[in-house]
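What follows is the residue order along each chain.
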Amino acid sequence: GNYKKEKKFDKRAGVYGFKYSAGILTVDAAFSGAGRFYANVNLTPSNLLAALEYAYESDDALDDGTSPWYSKTHTFCEQIEFTGIPNLLLAAESYQFIDKDDNLSVTITPAAKYTLSETFALTAEATIYAEDEAKNDFDAYATIVPGVEINFTDSFTVNAYGSVSTDSDQAAHLIGIGCKKSF
């Protein structure tokens, strides 16, 4: 049939936010009338980055998509990076996702990158995945990902890596290669 699609402005569509920076501290937050809220705090003293983030999605705002940021009611993220040792980057991040049924999913990812030269770097990371569904049992597994980064030029990098899973039903073992070109 013939129908006309109308777009209406709704006050719930408005997005409001703020950002404050002072020295090593940055704080920002945003919310919309549609039922979304986001907050972030960053601390950046010398050779260190520490970040805390929180996102909230009301039942009305949830899009039930595949992105965890827009299919979970509460999302928490913590991140830390340390560059105080020459040629070494140490980092870790963790996410906690809580859905509207109070199911909890957690990821914890420590990572390291050691730069051997302008051309080569060794990388390693491991991610632990854990779920505690309100109606089911606790489930956890991990992936371990060693890799090599090759910088051919300042703007072209190739990464070769392997991923080993502790539970191949949850995540398959794999090897891969990725290219990044900056313009």
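Read on for a plain summary of the structure.

Cut-offs applied
Residues numbered from 1 in each chain as written. Predicted model: local features only at pLDDT ≥ 70, side-chain atom pairs only at ≥ 80, totals over all residues. Heavy atoms only, no water. Salt bridge = Lys/Arg side-chain N within 4 Å of Asp/Glu carboxyl O. Helix = DSSP H or I, 4+ residues; strand = E, 2+ residues; numbered from the N terminus. Buried < 20%, exposed > 50% of the residue type's maximum accessible area, 1.4 Å probe, protein only. Contact = heavy atoms within 4.5 Å. Phe/Tyr/Trp six-rings, centres within 6.5 Å; stacked < 30°, edge-to-face > 60°. Lys NZ or Arg CZ within 6 Å of the ring centre and 35° of its normal.

## Overview of the pattern of salt bridges
Under the criterion given, the structure shown has two salt bridges. In this structure, arginine 36 and glutamate 57 form a salt bridge, with 2.7 Å as the shortest nitrogen-oxygen distance. In this pair, arginine 36 sits in strand β3 (residues 36-43) while glutamate 57 sits in strand β4 (residues 48-57), placing the two residues 21 residues apart along the sequence. The partner of lysine 113 in a salt bridge is glutamate 149, and the shortest N-O contact between them spans 2.9 Å. Highlighted residues: lysine 113 in strand β7 (residues 104-115) and glutamate 149 in strand β9 (residues 138-153), separated in sequence by 36 residues.

## Thoughts on the side chain of threonine 107
Secondary-structure assignment places threonine 107 in strand β7. Residue classification places threonine 107 among the buried positions, given a relative accessible area of 15%. Ignoring sequence-local partners within four residues, the contact set of threonine 107 consists of Glu93, Ser94, Tyr95, Thr127, Ile128 and Tyr129.

## Some details on the packing of aromatic side chains
Here the structure, examined in full by the defined rule, presents six aromatic pairs. Geometrically, the ring pair formed by phenylalanine 37 and tyrosine 54 is tilted, given 6.2 Å between the ring centres and 50 degrees between the ring planes. Linking phenylalanine 37 in strand β3 with tyrosine 54 in strand β4, this pair joins segments that are 17 residues apart in sequence. Look at phenylalanine 37 and you get partly exposed, because its relative accessible area is 33%. Between tyrosine 54 and phenylalanine 76, the aromatic rings sit 5.0 Å apart at their centres with planes inclined by 45 degrees, giving tilted as the arrangement. With a gap of 22 residues between them, tyrosine 54 in strand β4 and phenylalanine 76 in strand β5 (residues 74-85) connect regions that are remote in the sequence. Among the residues examined, phenylalanine 76 registers a relative accessible area of 31% and is labelled partly exposed. Joined through ring pairs, the aromatic side chains of Phe37, Tyr54 and Phe76 make up one cluster. Above the ring of phenylalanine 183, the side-chain terminus of lysine 181 is found at 5.7 Å from the ring centroid.

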